[in-house]
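What follows is each chain in one-letter form.
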Amino acid sequence: LIKALQPQAPGSQTFTMWPYFGIQALLVVAVTLSPVTAENDITGEEVYPPLWDIAPENLLDFPVKDNKIVISAWSYHDRLGVYKSLLNASAKYFDAFGPQNSGNILWGLPLQHGWQFHTGRLADHSGGTSCGYKNGELLCQSVRSWWSCMNYYLAIIPFLGAVEAGLFGQLPYEIEILPPEEQKDDFCYSVKDCWSRMPKLMDDWKAFFEYLLSTEHKAVSSASFSSFKLDDALGLMWKAHTSSIAYALPKFQDRLKYLSDPEANFGVDWANGVDFIAATHFSTDFLTTNSFQVFLPQRMLVEEDVLPFISDFSPQQNNVLVSLRALHEGNKLTGGLLLKLWQQAMSTEAGRKLGRKLIESLASSQKL
């Protein structure tokens, strides 16, 4: 395996330095998170994020006040509507990659958010309010939730980047994002505000949407927008995605104190593991994302959970948690070398193709 992934440049022997446990962990993650043959019917309600049907379809479905489209980013309903608007506005660019917009690589964002909502990760874990709980404010997303705060940078920032890029055309109103009740300085609330405070994040997301928009000028006809390379689109999307996480991760360290140690470790391990997944230009279309999400923990971890012996988790779910932990620790112990070497292996389209092919072959047997 190591030999197969070695760079072909003369004299390059870097992969012989990979720590064994790091490779093992990376492969377990690749196998357990890899896309298996999808058998889901994309019309089934269970494969969509919870409450998807009642989310706003487009920006004009949100309330308008003082000539501004007002979006409450701390409402699950509204944040889901932001995602739905993004998917609908970008659907024509992905027609060639699957029916009913299933090939749209933006699906990974709302599906992940739906998993967070379903598993209770968006609620107030400080115990201070009923935000996010069934017997309280179910659709509330707490600013004290680490997951909810991290997701802000994978929902509102991409959305405002798309607005600035022109994905929604010429809007009749400005966009206003309502702030949370506390910790307001941790977020931005308009295109102008976000550009002034986090220009790199906005620029990365804008670049992704501008790439999609550029295909309109290249299209032969109005029904043909797939003149872009999917690998290039995935590369731009993952660059923006990892930039958002890198920016948000240190900002919300204080929110981890509200979580159990196993849950906090999982959250940080998952955030760091995204860098490895991103390097392969992993496809985040509808079917693929649904296929691998079954291997994520379907409830929050508690103090009593001991890896890899969580009895109500499947073997694959236990493997994912253990492997993400080992991968994170291995990368820290090597000073980030593990990630750098993996990124080097995935730095060409041929390398990424080889990596995906390897993952697919491993996934077919589910054995290492």
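Below you will find a few notes about this structure. (Residues numbered from 1 in each chain as written. Predicted model: local features only at pLDDT ≥ 70, side-chain atom pairs only at ≥ 80, totals over all residues. Heavy atoms only, no water.)

**Points about the pairing of strand β2 (residues 68-72)**
- Bridge analysis of strand β1 (residues 64-65) against β2 gives two bridges, and the strand direction is antiparallel. Across the sheet, the residue bridging to K65 is K68, located in β2.
- Relative to strand β3 (residues 174-178), β2 runs parallel, the two sharing five bridges. Paired with S72 across the two strands is L178, which belongs to β3. (Pairing = 2+ DSSP bridges. Helix = DSSP H or I, 4+ residues; strand = E, 2+ residues; numbered from the N terminus.)

**So, the state of the cysteines**
- Evaluated as defined, the whole model comprises two disulfides.
- Here C131 pairs with C140 through a disulfide, and the sulfurs are 1.9 Å apart. Disulfide C131-C140: the torsion about the S-S bond is -90 degrees, which places it as left-handed.
- C131 gets classed as buried once you look at its relative accessible area, which sits at 4%.
- Paired by a disulfide, C188 and C194 hold their sulfur atoms 1.9 Å apart. (Disulfide = S-S within 2.5 Å. Buried < 20%, exposed > 50% of the residue type's maximum accessible area, 1.4 Å probe, protein only.)

**Re the nonpolar core**
- Core analysis: the largest hydrophobic core is formed by 91 residues, its most contacted members being F159, I177 and F209.
- Two domains each put at least three residues into this core: domain 1 (56-256) and domain 2 (259-367).
- Residues within four places of F159 in sequence aside, it is in contact with L59, I71, V82, L86, F168, I175 and I177.
- Membership of the second largest hydrophobic core comes to eight residues, among which are F276, L327, L339 and W342. (Core = buried A, V, L, I, M, F, W, Y, C linked by side-chain atoms within 4.5 Å. Domains from an automatic or database assignment. Contact = heavy atoms within 4.5 Å.)

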